[in-house]
Protein chains: 2
Amino acid sequence: MSAIPEDFIRRTAQVSNAVTRPFPNSRKVFVQGTRPDLRVPMREVIQQPTHTSTATEDNPAITIYDTSGPYTDPSAEIDLLRGLPAVRTAWIKERGDTSVLDGPTSDYGRSRAADPALAALRFAHIRVPRRALSGRNVTQMHYARRGIVTPEMEFVAIRENCRLAEMRADPRYTRLLRSHAGEAFGARIPDEITPEFVRAEVAAGRAIIPANINHPELEPMIIGRNFRVKVNTNIGNSAVTSSIEEEVEKLVWSARWGGDTLMDLSTGRNIHETREWILRNSPVPIGTVPIYQTLEKVDGKAEELTWELFRDTLIEQAEQGVDYFTIHAGVRLPYVPLTADRVTGIVSRGGSIMAKWCLAHHRENFLYTRFAEICEIMKAYDVSFSLGDGLRPGCIADANDRAQFAELETLGELTRIAWEHDVQVMIEGPGHVPLHKVKENVDKELADCYEAPFYTLGPLVTDIAPAYDHITSGIGAANIGWYGTAMLCYVTPKEHLGLPNREDVRDGIITYRIAAHAADLAKGFPGAQLRDNALSKARFEFRWEDQFNLSLDPERAREYHDQTLPKEAHKVAHFCSMCGPNFCSMKITQDVRDYAARQGLDEHEALERGMQEKASEFVAKGGALYREI
Amino acid sequence: MSAIPEDFIRRTAQVSNAVTRPFPNSRKVFVQGTRPDLRVPMREVIQQPTHTSTATEDNPAITIYDTSGPYTDPSAEIDLLRGLPAVRTAWIKERGDTSVLDGPTSDYGRSRAADPALAALRFAHIRVPRRALSGRNVTQMHYARRGIVTPEMEFVAIRENCRLAEMRADPRYTRLLRSHAGEAFGARIPDEITPEFVRAEVAAGRAIIPANINHPELEPMIIGRNFRVKVNTNIGNSAVTSSIEEEVEKLVWSARWGGDTLMDLSTGRNIHETREWILRNSPVPIGTVPIYQTLEKVDGKAEELTWELFRDTLIEQAEQGVDYFTIHAGVRLPYVPLTADRVTGIVSRGGSIMAKWCLAHHRENFLYTRFAEICEIMKAYDVSFSLGDGLRPGCIADANDRAQFAELETLGELTRIAWEHDVQVMIEGPGHVPLHKVKENVDKELADCYEAPFYTLGPLVTDIAPAYDHITSGIGAANIGWYGTAMLCYVTPKEHLGLPNREDVRDGIITYRIAAHAADLAKGFPGAQLRDNALSKARFEFRWEDQFNLSLDPERAREYHDQTLPKEAHKVAHFCSMCGPNFCSMKITQDVRDYAARQGLDEHEALERGMQEKASEFVAKGGALYREI
């Protein structure tokens, strides 16, 4: 990173404008919780009325789960140089089980703070870290198991519901709330998510709320199979390319398009400073793979890794506010030879690092042997485990093999240990899996890991489409989400080929929002179908603007429409460019539907009765229903 | 269409260069059948050798199913103005059951042929149509049921196998042919596809070979659930935009990227002339929806449609060579009111036209009442039925409702009638269906339609992603293909928004090739995993060129790679831009793998035995395996 501060300020300001523009016809709304400082942000899409020749029908606003944070709030003052407001600080302080430290306690954190050469890169308003008081445990799981409903739990309950109870009580939503019953494969999704339900799920380990006490800027969210399926995005610089300002821009961009959490996978220079910029500006939980940075500290020589260096890295990152750590503690020494006959061996970076260490020292993975000590650190800051699948398959041929499943069984063993410490856990999953082998992954994870939330990368259902791996993996992701995966780690079109740019990130996130929503629909998540119903009604009624605005990517929907029919008048046209004005099935079918609806006939009646009279009436009426442009 | 011929010739020549460029490191190969004029084209991808410090291993060529026709054959002379060679003419003539007519027998075909104003648009080398001799039946099903294995059947048998038997006998392919067992949900895919198996499947109605005797340019292909899953693409002009040369370009483009069949859905001007250009230049079967053109003949007034006009259109198109007709004969009068409570009514163009006709006349759909007469036309030219799903759901809310399933049951009834005439049939399916309701569609189709091949549009698994509906539908397509759908109708990113351009068509086809291949893998189609295994081995060994060349879209894979690492030297680099040169899991894991493989340890042994000695050896060896750039 060679940028000087002035340059960074200027470029950051530009970023801010480009990625925070408001969504069309939307407004930020806040649902008030039981305390004044608990306000849950959502996005409301305002709809246009439906005009017919005889009447005008209002279409109610549709509330959408909103991951974008203050960036899409026109009343918020965004200043990336200061970071976001610390909305959770009061909640954390009130619990009275933490103290503010004198400064970073990790060796590395102290040395970076003291290095004058880093002044130009350093975030200007670094908060002094907070830690649990001696003997105290500050995890959401710990509170949940003691019967405490935290503000974080109430926040996610309100957030998951997205005003469903309110809409159910409002007759304007009755038809829009029609929905198929789901097939949830044993998930038990309640009709309404209550704070108490959230608490019970977190206590049982079936859900986690990643929320480090040093990340008070966070808007809490929950990961569990009885909640909405979530999407994680990855960013990160590497030795080859990228820089701090690009990474911050990607964070804001990711939150904008629907990333629920974000992993900073940086492996290049100035990882510590980049992370501070990201955390201070992030409304979503941030995850990391601490072994990456530890490896940098030993100049990339896996065999020189030590527990002491790793431990120092965990503390360094926990005190910055990282919400979950991927830790490859399941890559046990005896499992490594199981990968020998694979087509693509070990493809997880963390997995291969630990495998190399194990073989070099002929010793058991220190992440495994030191696991209880890691738990002690996690619970002092409430960092959640994301137990890494270091032996995940890197191709179709290697899917569901003994190496993969041996590690998964070990992750179950580690889950039990973490839970003895009241530390929150999710389990990472594959990778590359053919469609018919996907469900086995979920079933085995639920069984072996005691229903701890599953968090999977894709999986890609074929290896033959580099440049389209957002799609190959989106197919797997929709299925695995349906079967019970709680969070889907996105894949961009550049997977296997290069580092994603901004548009790749957008394509990846939207693909995964599709997969997550498809899974929610299939599971029958209450209210999930509302947005589909509203958009389809808008589509049927030629309300083009509403169709765009209700979609996952209003800007691209409009752009694609306008490539064929650019004029504003076409936005109220009762046809589209697919078929032209005189050949529109929607137009024809509205005649049919209006006729048939008035008859109230069912199939049997229609067969029995003559309909000549009504038919004549229909023909006489013609196309008069339509509003001409 | 205002183009003058000179302009068309010039523009066509440009098209020809742009869309026919050869695939990198590939060669066209032909597998010889039992007769000299039966040569089945395939594409062979040449691989580079694998270099290690101690040895060089050759990697064998990989044979790929090839839909691109003569356009990618450097020895073929392509002249769109003359059309493709008529490879099937001898086969058709030899059967001795057809005669060449004096000219078109449809009124419309004759009037267009006689119209001097159309000279500028007209294809210059129109062949005189052929028809079955009186009392004869020329369908592939008819031959199959008489025990005759036609050259078309042998062609598709060779094509489906893709030289699998040859590779199985070659030890260089042994590891590459490793494969998971599939889950085929009752499909019975043999270990090798023989001509006799093809005959039996066509005779049973479980597969069709769409191959009009007036489309001798066709390279035969088969659609059935015991064969590779196929992909259909749609093109077509409309009153709003597009022209003949654009449509021909899209055809070549579609075949290039993997479209197995193509539907010409034109609804604009000069449909007849456009179709001639398409057919004469098409190596893939062409489908149409004849009611569209019939409606043009009555100026868009559905209520003025007549059986006589429709019949004339069928003959007109059959004599041009259309291989399959979508016919909405299942939209029965009593089913129309069943759509009244839907969110999006009737969304099929053909369905809404027929519904409007039925209601206007209060009469049963003439396509239903005249079905046996339609069969008489179909069997005189071997046009296959694609029985249209006019009442398919247009949104998630309407999926699997009574209207949809009532029509499907009628399609089963019509299938039986068609089969009494030995006419080939496939059944069209939805549409918009949530993931958990997809399988019911296949199960019901197989039961109600006696295992006639299913041909589905997507289905889209959510309504909320206009501009990304290739992806929403690709998810549904992969699943429905796995469950037993024989052919998937593609959807482009412009679905619901506008007409697709060339890049949209490419995105749509690649997405659907992914879905079809994912389904083949899940069903366990013999040899399907070969390409995945080869590509993954290339990926693991940093053979970048092979990774690109084996992929579904070599050009885009290379382009994306080069956006980050453009230099040619990077194509042999043992790292990628994702992690950089010193942080590559593939690089690390190769050390691990080499070590472990030589030990031949299993999990139990490893747990029992000390490995100190081997570990030291491993560390000493370091990274010496790698070829430096």
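Each chain has its residues counted from 1, running along the sequence as written. Labels are handed out in written order, letters beginning with A for the chains and numbers beginning with 1 for the ligands. Per-residue local features are limited, in this predicted model, to residues with pLDDT of at least 70; the limit for side-chain atom pairs, both in listing and counting, is 80 or more; totals at the level of whole chains, interfaces and linings are taken over all residues. Side-chain calculation: all heavy atoms of the structure are included, whereas hydrogens and water are not.

The subject of this paragraph is unusual backbone geometry. Residue A:Pro459 follows A:Gly458 across a cis peptide bond; omega there is 10°. Segments assigned H or I by DSSP are reported as helices when at least four residues long, segments assigned E as strands when at least two residues long, and all are numbered from the N terminus. By the element assignment, A:Pro459 lies in the loop between strand 16 (454-457) and helix 17 (469-483). Following B:Pro430, the chain continues into B:Gly431 via a peptide bond in cis, with omega recorded as 10°. Here B:Gly431 is to be found in the loop between strand 15 (425-429) and helix 16 (438-448). Positive phi values are uncommon outside glycine, yet A:Asp382 reaches one of about 55°. Looking at the secondary structure, you find A:Asp382 in the loop between helix 14 (371-381) and strand 14 (384-387). Partly exposed describes any residue whose relative accessible area lies between the buried limit of under 20% and the exposed limit of over 50%, with all areas from a 1.4 Å probe on protein chains only and scaled to the type maximum. Here A:Asp382 falls in the buried class, since its relative accessible area comes to 0%.

Right, let's talk about the side chain of B:Asp507 for a bit. For B:Asp507, the location among the structural elements is in helix 18 (residues 502-523). Counted as a polar contact is a pair of N or O atoms within 3.5 Å, where, for protein atoms, one must be capable of donating a hydrogen and the other of accepting one, and residues adjacent in sequence contribute only when both atoms are in side chains. A polar side-chain atom of B:Asp507 sits 2.7 Å from a polar atom in the side chain of B:Arg556. B:Asp507 has contacts with A:Tyr468, B:His470, B:Pro493 and B:Arg556, leaving out every residue within four places of it along the chain. The contact definition used throughout considers only heavy atoms, calling two residues in contact when any of these lie within 4.5 Å.

Right, let's talk about helix 8 (residues 244-257) of chain A for a bit. Under the 1.5 Å per step criterion, the end-to-end length of helix 8 of chain A is 20 Å for 14 residues, consistent within 8% with the ideal 20 Å. In terms of burial, helix 8 of chain A is a largely internal element, 13 of the 14 residues being buried. Take the number of residues in a helix, subtract one, and multiply by 1.5 Å to get its expected span.

Let us look at the pairing of strand 1 (residues 26-32) of chain A. All names here are of chain A. As paired strands, strand 1 and strand 2 (residues 39-45) are joined by seven bridges and run antiparallel to one another. Within the sheet, the bridge partner assigned to Phe30 lies in strand 2 and is Pro41. The hairpin turn running from strand 1 into strand 2, its antiparallel successor, is six residues long. Should DSSP find at least two bridges between two strands, the strands are regarded as paired.

As for its placement among the helices and strands, B:Thr511 is situated in helix 18. In terms of polar contacts, B:Thr511 uses its side chain to reach the backbone carbonyl oxygen of B:Asp507, at 2.6 Å. The contact partners of B:Thr511, leaving out residues within four places of it in the chain, are A:Ile471, B:His470 and B:Gly474.

Next up on the list: the packing of aromatic side chains. Put simply, two rings from Phe, Tyr or Trp (the six-membered ring, in Trp's case) pair if the centres are within 6.5 Å, and we call them stacked under 30 degrees between planes, edge-to-face over 60, tilted for the rest. A full pass over the atoms with the stated rule returns 28 aromatic pairs over all chains. Put simply, a charge is over a ring when the Lys NZ or the Arg CZ is close to the ring centre, within 6 Å, and near the line of the ring normal, within 35 degrees. Positioned above the aromatic ring of A:Tyr335, the side-chain terminus of A:Arg332 is 6.0 Å from the ring centre.

As a further point, take the nonpolar core. Residues belong to a common nonpolar core when they are buried Ala, Val, Leu, Ile, Met, Phe, Trp, Tyr or Cys residues joined through side-chain atoms within 4.5 Å. Counting residues in hydrophobic clusters, the biggest one holds 333 residues, and the most contacted among them are A:Val198, A:Phe385, B:Val198 and B:Phe385. If we ignore the near neighbours within four places in the chain, the residues touching A:Phe385 are A:Phe325, A:Ile327, A:Phe371, A:Ile374, A:Cys375, A:Met378, A:Ala418, A:Val423, A:Gln424, A:Val425 and A:Met426.

Residue and element names in this part refer to chain A. The buried count for strand 15 (residues 425-429) comes to five of five residues, which makes it a mostly enclosed element. A two-sided burial pattern is seen for strand 15, the buried positions comprising Val425, Ile427 and Gly429 on one face and Met426 and Glu428 on the other. The sheet contact formed by strand 14 and strand 15 spans three bridges and is parallel. Bridged to Leu387 within strand 15 is Ile427. Handedness of a crossover is defined as follows: with both strands directed away from the viewer, a clockwise route from the first strand across the helix to the second makes it right-handed. Between the parallel elements strand 14 and strand 15, the chain passes through helix 15 (residues 402-420) in a crossover that is right-handed. Alignment of strand 15 against strand 16, held across three bridges, turns out to be parallel. Bridging from a neighbouring strand, Gly429 pairs with Thr456 of strand 16.

All names here are of chain B. Relative to the helices and strands, Ala61 is located in the loop between strand 4 (56-57) and strand 5 (62-65). Taking C-alpha positions, Ala61 is 39 Å from His142, a pair spaced 81 residues apart along the chain. The residues touching Ala61, leaving out its near neighbours within four places in the chain, are Glu44, Val45, Ile46 and Tyr173.

What follows is about the packing of helix 16 of chain B against helix 17 (residues 469-483) of chain B. All names here are of chain B. Between helix 16 and helix 17, the least distance of the axes is 9 Å, while the angle of their chain directions is 35°. The interaxial crossing formed by helix 16 with helix 17 has right-handed handedness. Here helix 16 contributes Val438, Lys439, Asn441 and Val442 to the contact with helix 17, which in turn contributes Gly476, Asn479, Ile480 and Tyr483. Charged means Asp, Glu, Lys or Arg here, nonpolar means Ala, Val, Leu, Ile, Met, Phe, Trp, Tyr, Cys or Pro, and polar covers whatever is left, Gly included. In terms of residue class, the contact of helix 16 with helix 17 is built from four nonpolar, three polar and one charged. Only C-alpha atoms enter the line fits that serve as axes; for helices the fit covers just the stretch in contact. Angles between N-to-C directions range over 0 to 180 degrees. Here a crossing is taken to be left-handed if its near helix is turned anticlockwise relative to the far helix by less than a right angle, and right-handed if that turn runs clockwise.

As summarised here, the arrangement of the eight strands in space is 10-11-12-13-14-15-16-17 (chain B), forming a closed barrel in which the pairing is parallel. Each strand axis lies, on average, 25° off the axis of its neighbour in the sheet, ignoring direction.

This part takes up the environment of B:Ile235. Tracing the backbone through its elements, the reader meets B:Ile235 in strand 10 (residues 230-235). Along the chain, B:Ile235 and B:Leu262 lie 27 residues apart, while their C-alpha atoms are 7.3 Å from each other.

Opposite charge on two side chains permits them to pair, given that their charged atoms come into close proximity. Residue and element names in this part refer to chain B. Any carboxyl oxygen of Asp or Glu that lies within 4 Å of a side-chain nitrogen of Lys or Arg is treated as forming a salt bridge with it. For the structure shown, the criterion picks out 96 salt bridges over all chains. As a salt-bridge pair, Glu276 and Arg280 come within 2.8 Å of each other at their nearest N and O atoms. Note that Glu276 and Arg280 are positioned in helix 9 (residues 271-280) at a spacing of four residues, about one turn of the helix. Grouping residues by exposure puts Glu276 and Arg280 together as buried. Among the ionic pairs, Glu364 bridges to Arg332, the shortest N-O distance being 2.8 Å. Residue Glu364 is found in the loop between helix 12 (349-361) and helix 13 (366-369), and its partner Arg332 is found in the loop between strand 13 (324-327) and helix 12; the two are separated by 32 residues along the sequence. As far as the burial class goes, Glu364 and Arg332 line up, both buried.

Let us now look at the sheet that holds strand 5 of chain B. Hydrogen bonds between backbone atoms are what pair the strands of a sheet, whose relative direction is either parallel or antiparallel. All names here are of chain B. Read from one edge of the open sheet, three strands run 1-2-5, paired in antiparallel fashion. Each edge of the open sheet is held by one strand with a lone partner, namely strand 1 (26-32) and strand 5. Strand-to-strand, the axes of this sheet are offset by a mean angle of 45°, without reference to chain direction.

A few words on the environment of A:Arg256. Residue and element names in this part refer to chain A. Assignment of secondary structure puts Arg256 in helix 8. Arg256 gets classed as buried once you look at its relative accessible area, which sits at 5%. The spatial distance from the C-alpha of Arg256 to the C-alpha of Lys230 is 14 Å, given a sequence separation of 26 residues. Once you skip the residues sitting within four places of it in the chain, Arg256 turns out to touch Val19, Thr20, Arg21, Pro22, Phe23, Ser68, Thr72 and Glu555. Separated by 2.7 Å, the side chains of Arg256 and Glu555 make a polar contact.

A separate point is the UniProt feature "binding site: Zn(2+)" (unreviewed entry) in chain A. The UniProt entry lists A:His432 and A:His496 under the feature "binding site: Zn(2+)" (unreviewed entry), expressed in the numbering used here. A maximum C-alpha distance of 12.3 Å is found for the annotated residues, which run over 65 residues; spatially they form one tight group. Here A:His432 lies in the loop between strand 15 and helix 16 (438-448). In this structure, A:His432 is in contact with A:Pro393, A:Gly394, A:Cys395, A:Ile396, A:Ala399, A:Pro459, A:Leu460, A:Asp463, A:His496 and B:Arg539, ignoring residues within four places of it in sequence. UniProt positions are given in the numbering used here, feature names are shortened, and annotations may be inferred rather than shown by experiment.

The next thing to look at is the confidence of the model for chain A. Residues and elements named next belong to chain A. Scored from 0 to 100, pLDDT records how confident the predictor is in each individual residue. On average, residues of chain A score 88 in pLDDT, and 86% of them reach the 70 mark or higher. Contacts from residues 1-5, a stretch scored under 50 in pLDDT, to residues over four places away or in other chains number eight contacts. Here residues 9-14 is a poorly scored stretch, pLDDT under 50, and it has three contacts once near neighbours within four places are set aside; other chains count. Quick note on the complex model: pTM equals 0.93, ipTM equals 0.92.

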